Amino acid sequence: MNAGIIGIGKYVPKKVLTNVDLEKVLDTSDEWIRTRTGIEARHIAAEDEETSDLAYEAAKNALEHAGMTADQIGLIIVATVTQDQNFPSVACQIQERLGAKQAGAMDISAACSGFIYATVVAKQFVESNSYEHVLIVGVEKLSKVVDWEDRNTAILFGDGASAAVISKVSEGRGILSFELGADGTGGKHLLIDQQNNIQMNGREVFKFAVRQMGESAINVLEKAGLTKEDVDFLVPHQANIRIMEAARERLGLPEDKMSKTIHKYGNTSAASIGISLVDDLQAGYIKDDDVVVLIGFGGGLTWGAIALKWGK
Ligand code: ACO
């Protein structure tokens, strides 16, 4: 039996920062941001609201959605590049707060591909019968590493968290195939520098993302013995609507078969795919037995994709 997602949750901070708010402090416009990125607003954490606080809320929601208690979790994996401090890890912080007494805990770093990487790592532990239930979290407080005077990056990012419980699911459902990739030669195009600010070569990242998202989606379908026609719904990392549309077109999917939450949240990095999944499920866009393709890309450079059949 395959591992799959048996419960999922999200959390975004209360404060909303709109493009119109940004117009007041940066040489930019709502029109530029919307047409070049698809973003209209993003949520920003309060000063005293840390990455671990966002992670904790999303994790609680995922456990509740799975109908589980924290002591049933064998391992916690948190994907983040904006941890509260180098250590203790965010995973250990939420292990304590959730009361997950049976769980091991670790953070992993794969930037915006973090949700995919964490899910794939969890799958290995579940399918090898090492742990029955693994809790994964994708979380970022990017607002603390954004240079708010740099219009090239300040408009793109938002804070948020998503979490999922990964466990064995019924025959035929769950994760059918995956791909993880990395190209360290492109690391210079997207990084957090010594001053703790995001630096990005937007055009290079854009070109890489368009190429890689399309290729990875096709690769996981082939690995699962599926074709483009089998795909019911696509959940791409929400970084730029134009990158997402290119991936959708590569799969030949109609507009309503792709997740679009970027307008509300901006790019929440490791959290974005899980946040989208929660909203898409609530909206009824994803149903049991649908073939869903998740694709992410990000700093590293890293990328990853998963083909799964939805349902417990
Ligand atoms: N407002 C107004 N004008 C702007 C802004 C802004 N916020 N930002 C840049 N511009 C200007 C530029 O200065 C440039 O002006 P010029 O022609 O006079 O030099 C012009 O707009 C065009 O700039 P480009 O960089 O060519 O704009 P582009 O269409 O490439 O869009 C963007 C830029 C949105 C950053 C795009 O390249 C992109 O989305 N790249 C991918 C970024 C991404 O996905 N990053 C996240 C990766 S995930 C992770 O791991 C964190």
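This is a predicted model, so every value here is computed, not measured.

Rules and cut-offs
Residues numbered from 1 in each chain as written. Predicted model: local features only at pLDDT ≥ 70, side-chain atom pairs only at ≥ 80, totals over all residues. Heavy atoms only, no water. Salt bridge = Lys/Arg side-chain N within 4 Å of Asp/Glu carboxyl O. Helix = DSSP H or I, 4+ residues; strand = E, 2+ residues; numbered from the N terminus. Buried < 20%, exposed > 50% of the residue type's maximum accessible area, 1.4 Å probe, protein only. Pairing = 2+ DSSP bridges. Axes fitted to C-alpha atoms, helices over the stretch in contact; angles between N-to-C directions. Contact = heavy atoms within 4.5 Å. Near = heavy atom within 4 Å. Polar contact = N/O pair within 3.5 Å; in protein donor to acceptor, adjacent residues only side chain to side chain. Areas by Shrake-Rupley, 256 points an atom, 1.4 Å probe, with all protein chains shown as cover. 1 Å grid on protein atoms, 1.4 Å probe; cavity = no way out; pocket = protein on both sides within 12 Å on 5 of 7 lines; lining within 4 Å. Sits in = over half its atoms within 2 Å of the grid points. Nonpolar A, V, L, I, M, F, W, Y, C, P; charged D, E, K, R; others polar. Domains from an automatic or database assignment. Lys, Arg positive; Asp, Glu negative; His and termini not counted. Core = buried A, V, L, I, M, F, W, Y, C linked by side-chain atoms within 4.5 Å. Parallel < 35°, antiparallel > 145°, perpendicular 65-115°, else oblique. Left-handed = near helix turned anticlockwise from the far one by under 90°.

Q: Describe the pattern of salt bridges, with residues and values.
A: Applying the stated criterion across every chain, the model contains 16 salt bridges. Note that lysine 60 and glutamate 57 form a salt bridge whose closest N and O atoms lie 3.5 Å from each other. Taken together, the positions of lysine 60 and glutamate 57, both in helix 3 (residues 51–66) and 3 residues apart, correspond to about one turn of that helix. Relative accessible area serves as the criterion here: at 25%, glutamate 57 is assigned to the partly exposed category. Its salt-bridge partner being glutamate 245, residue arginine 248 comes within 2.6 Å of it at the nearest N-O pair. Taken together, the positions of arginine 248 and glutamate 245, both in helix 8 (residues 241–250) and 3 residues apart, correspond to about one turn of that helix.

Q: An account of the sheet that holds strand 7 (residues 160–168) is needed here, citing residue identities and associated values.
A: Strands sit in the order 1-7-6-4-5 across an open sheet of 5 strands; the sheet is mixed. The open sheet has two edge strands with one neighbour each: strand 1 (3–11) and strand 5 (104–108). Sheet twist, expressed as the mean angle between neighbouring strand axes with direction ignored, is 20°. Pairing of strand 1 with strand 7 involves 8 bridges; the strand directions are antiparallel. Within the sheet, the bridge partner assigned to isoleucine 5 lies in strand 7 and is isoleucine 166. Its contacts with the sheet put helix 3 on strand 1, strand 6 (133–140) and strand 7, and the angle it makes with strand 1 is roughly 130°. Sheet strands touched by helix 5 (residues 114–127): strand 1, strand 4 (75–79), strand 5, strand 6 and strand 7. Its angle to strand 7, the strand with the most contacts, is close to 20°.

Q: Any details on the sheet that holds strand 11 (residues 233–236)? Residues and values, ideally.
A: Sheet architecture is open: 4 strands sit in the order 8-13-12-11, paired in mixed fashion. At either margin of the open sheet sits one strand with a lone partner, and together these are strand 8 (174–182) and strand 11. Adjacent strand axes in the sheet meet at a mean angle of 10° when their direction is disregarded. Relative to strand 13 (residues 302–309), strand 8 is paired through 8 bridges, and the arrangement is antiparallel. Pairing of leucine 180 across the sheet is with glycine 304, part of strand 13.

Q: Describe the site of the ligand, with residues and values.
A: In the region of the ligand, 26 residues are neighbours, and Thr28, Arg36, Cys112, Arg203 and Asn240 sit closest. Within the side chain of asparagine 240, a nitrogen or oxygen atom sits 2.6 Å from an oxygen atom of the ligand. Take arginine 242: an N or O atom from its side chain is 3.0 Å from an oxygen atom of the ligand. Look at the ligand: alone it shows 1,000 Å² of surface, and the protein chains cover 77% of it. Put simply, the ligand lies in the largest pocket. If you list the elements that add at least two residues to the shell around the ligand, you get helix 2 (30–37), helix 6 (151–154), helix 7 (202–223), helix 8 and strand 12 (291–298). In terms of residue count, helix 7 provides more of the shell around the ligand than any other element does, 4 residues in total. Broken down by class, the residue content of the shell around the ligand amounts to 12 nonpolar, 9 polar and 5 charged. When residues of the shell around the ligand are sorted by domain, at least three fall in each of domain 1 (3–168) and domain 2 (174–309).

Q: Residues and numbers for helix 8, please.
A: Among the residues of helix 8, Ile241, Ile243, Met244, Glu245, Ala247 and Arg248 are the ones counted as buried. Two or three places before arginine 242, at the start of helix 8, stands the capping residue asparagine 240, its side-chain oxygen 2.7 Å from that residue's backbone nitrogen. Directly beyond the C-terminal end of helix 8, a positive phi value near 65° is found at glycine 252.

Q: Can you break down the pairing of strand 3 (residues 41–44) residue by residue, with the values?
A: On a regular strand, one side chain projects to one face of the sheet and the next to the other, so that they alternate. Residue alternation in strand 3 divides its side chains into two sets, Ala41 and His43 and Arg42 and Ile44, and both sets are buried. Of the strand pairs in this sheet, strand 2 (residues 15–18) and strand 3 are connected by 4 bridges, and their pairing is antiparallel. Looking across to strand 3, one finds that threonine 18 is bridged to alanine 41.

Q: Help me get a handle on the side chain of aspartate 280, residues and values and all.
A: Its place among the elements puts aspartate 280 in helix 10 (residues 272–282). Despite its burial, aspartate 280 pairs with no opposite charge, the nearest such side chain being lysine 264 at 7.4 Å. Not counting residues up to four positions away in its chain, the partners in contact with aspartate 280 are Phe233, Val235, Ser259, Tyr285 and Ile286.

Q: I'd love a proper account of the nonpolar core, names of residues and values included.
A: One finds Leu234, Leu251, Val293, Ile295 and Phe297 to be the most contacted residues of the largest nonpolar core, which totals 43 residues. Looking at this core, the elements that each hand over two or more residues are helix 7, helix 8, strand 12 and strand 13. When residues in this core are grouped by element, the largest group, 8 residues, is from helix 7. Counting contributing residues per domain, this core is built from domain 1 (3–168) and domain 2 (174–309), each supplying no fewer than three. Sequence-distant contacts of phenylalanine 297, that is, excluding residues within four places in its chain, are made with Cys112, Ser113, Val205, Phe208, Ala209, Met213, His237, Ala239, Ile243, Thr302 and Trp303.

Q: Talk me through the packing of helix 3 against helix 4 (residues 90–98); I want residue IDs and the actual numbers.
A: Close contact between helix 3 and helix 4 brings their axes to 9 Å; oriented N to C, the two are set at 55°. One way to sum up the angle between helix 3 and helix 4 is to call them oblique. For the element pair helix 3 and helix 4, the recorded crossing hand is right-handed. Residue-level inspection shows Thr51, Ser52, Asp53, Ala55, Tyr56, Ala59, Lys60 and Leu63 of helix 3 in contact with helix 4, the latter providing Val90, Gln93, Ile94, Arg97 and Leu98. Grouping the amino acids of the contact of helix 3 with helix 4 by side-chain chemistry returns 7 nonpolar, 3 polar and 3 charged.

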